[in-house]
Amino acid sequence: MSGLLNSSIGRKFAMALSALFLMIFLLQHFAINILSVFSADVFNEASHFMGTFWAVQYLLQPVLIFGVIFHFVMGFVLEIKNNKARQIKYAKNNGGANSSWMSRNMIWSGLAILAFIVLHFIDFWIPEINIKYIDGDMSGLLDPNVADSGFRYYEELVHKFHSHARTIAYCVAFIFLAMHLLHGFNSAFQSVGANNKYTKALKGFSKIYAIGIPLGFIFIALFHHLKQIL
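A brief look at the structure comes next. Fair warning: this is a prediction, and the values are worked out from it, not measured in the lab. (Residues numbered from 1 in each chain as written. Predicted model: local features only at pLDDT ≥ 70, side-chain atom pairs only at ≥ 80, totals over all residues. Heavy atoms only, no water.)

Once that is clear, we can look at the side chain of Arg 152. Tracing the backbone shows Arg 152 in the loop between α8 (106-134) and α9 (153-160). Judged by its relative accessible area of 5%, Arg 152 falls in the buried class. A distance of 2.9 Å separates a polar atom in the side chain of Arg 152 from a polar atom in the side chain of Glu 128. If sequence neighbours within four positions are ignored, Arg 152 has contacts with Asn 44, Glu 128, Ile 131, Lys 132, Gly 140, Leu 141 and Leu 142. (Helix = DSSP H or I, 4+ residues; strand = E, 2+ residues; numbered from the N terminus. Buried < 20%, exposed > 50% of the residue type's maximum accessible area, 1.4 Å probe, protein only. Polar contact = N/O pair within 3.5 Å; in protein donor to acceptor, adjacent residues only side chain to side chain. Contact = heavy atoms within 4.5 Å.)

If you want it as structure tokens, here you go:
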């Protein structure tokens with residue numbers, strides 16, 4: 001692994017793999033969250049399954065956390081390496097003429113997404129870990145002492161989007177995510193060698209994903225927010 005990360009191509013390849021993994025997770029995360037728009041009960045059932053199934057909690061969740069940390073650390077490493085390369089080649093090559101604004105500012109959109117992930121962890125993940133593993137309540141119920149009190153997941157989600165400021169923060173974060181994905185999705189496929197007759201189709205799919213998934217999350221946030229204030 002260390003040998004792979006010692007080369008520029010190896011680092012880009014590892015970065016691409018982590019990006020593709022996180023994009024699969026993002027799609028799965030959206031698929032569950034969008035259920036909250038259509039059915040509180042179905043959303044609760046899906047959330048409880050994901051939050052208590054041993055393979056998700058003890059296998060996939062650690063891998064996901066590692067993937068997030070690895071992706072951001074590798075992103076900073078690549079940015080530092082690229083900046084050094086730009087300083088050396090600045091007189092020979094105008095980077096702005098050969099790359100998009102989004103590709104040149106991936107680090108800034110990435111930092112905005114990192115700030116959002118910290119907020120998301122504070123809002124959802126840390127309280128969830130506290131309830132399940134500190135308090136020892138794996139029931140998922142609003143009141144663990146009342147068997148028919150119902151699952152708590154939908155109520156917690158709706159409550160988070162009551163705040164104007166938090167809802168705006170989520171929407172802005174997903175705009176940055178869309179900008180990040182517009183370059184990152186296609187770049188990830190190129191880094192793993194997907195340059196063939198399907199390249200045009202992949203570019204089209206990447207744009208649909210990069211715009212559609214963030215817009216979907218924005219819709220979910222606004223739906224629950226407006227439902228409470230109107």
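Moving on, we come to the pattern of salt bridges. Tallied over the full model, the rule gives four salt bridges. Residues Asp 123 and Arg 166 are paired through a salt bridge, measuring 2.7 Å at the closest nitrogen-oxygen approach. Here Asp 123 is found in helix α8, whereas its partner Arg 166 is found in helix α10 (residues 164-191), with 43 residues between them in sequence. Exposure remark for Asp 123: the relative accessible area of 5% places this residue in the buried category. For Arg 166, a relative accessible area of 26% translates into the label partly exposed. Salt-bridge contacts for Glu 156 lead to Arg 152; the nearest nitrogen and oxygen are separated by 3.2 Å. Classification of Glu 156 as partly exposed rests on a relative accessible area of 27%. Taken together, the shared-partner salt bridges connect Glu 128, Lys 132, Arg 152 and Glu 156 into one network. (Salt bridge = Lys/Arg side-chain N within 4 Å of Asp/Glu carboxyl O.)

This part covers the packing of aromatic side chains. Centre distance and the angle of the planes are the two values used to describe a pair of aromatic rings. Counting across every chain of the model gives 16 aromatic pairs. When the ring of Phe 161 is compared with that of Tyr 170, the centres are 5.3 Å apart and the planes differ by 85 degrees; the resulting orientation is edge-to-face. You'll find Phe 161 and Tyr 170 in the same group, each marked buried. A ring pair is formed by Phe 185 and Tyr 209, whose centres lie 5.0 Å apart and whose planes are at 55 degrees; its orientation type is tilted. One end of the pair, Phe 185, is in helix α10; the other, Tyr 209, is in helix α11 (residues 199-229), with 24 residues separating them in the sequence. Under the relative-accessibility criterion, Phe 185 is labelled buried at 4%. Relative accessible area serves as the criterion here: at 6%, Tyr 209 is assigned to the buried category. Through successive ring pairs, a cluster of aromatic residues spans Phe 30, Phe 116, Phe 161, Tyr 170, Phe 174 and Phe 217. (Phe/Tyr/Trp six-rings, centres within 6.5 Å; stacked < 30°, edge-to-face > 60°.)

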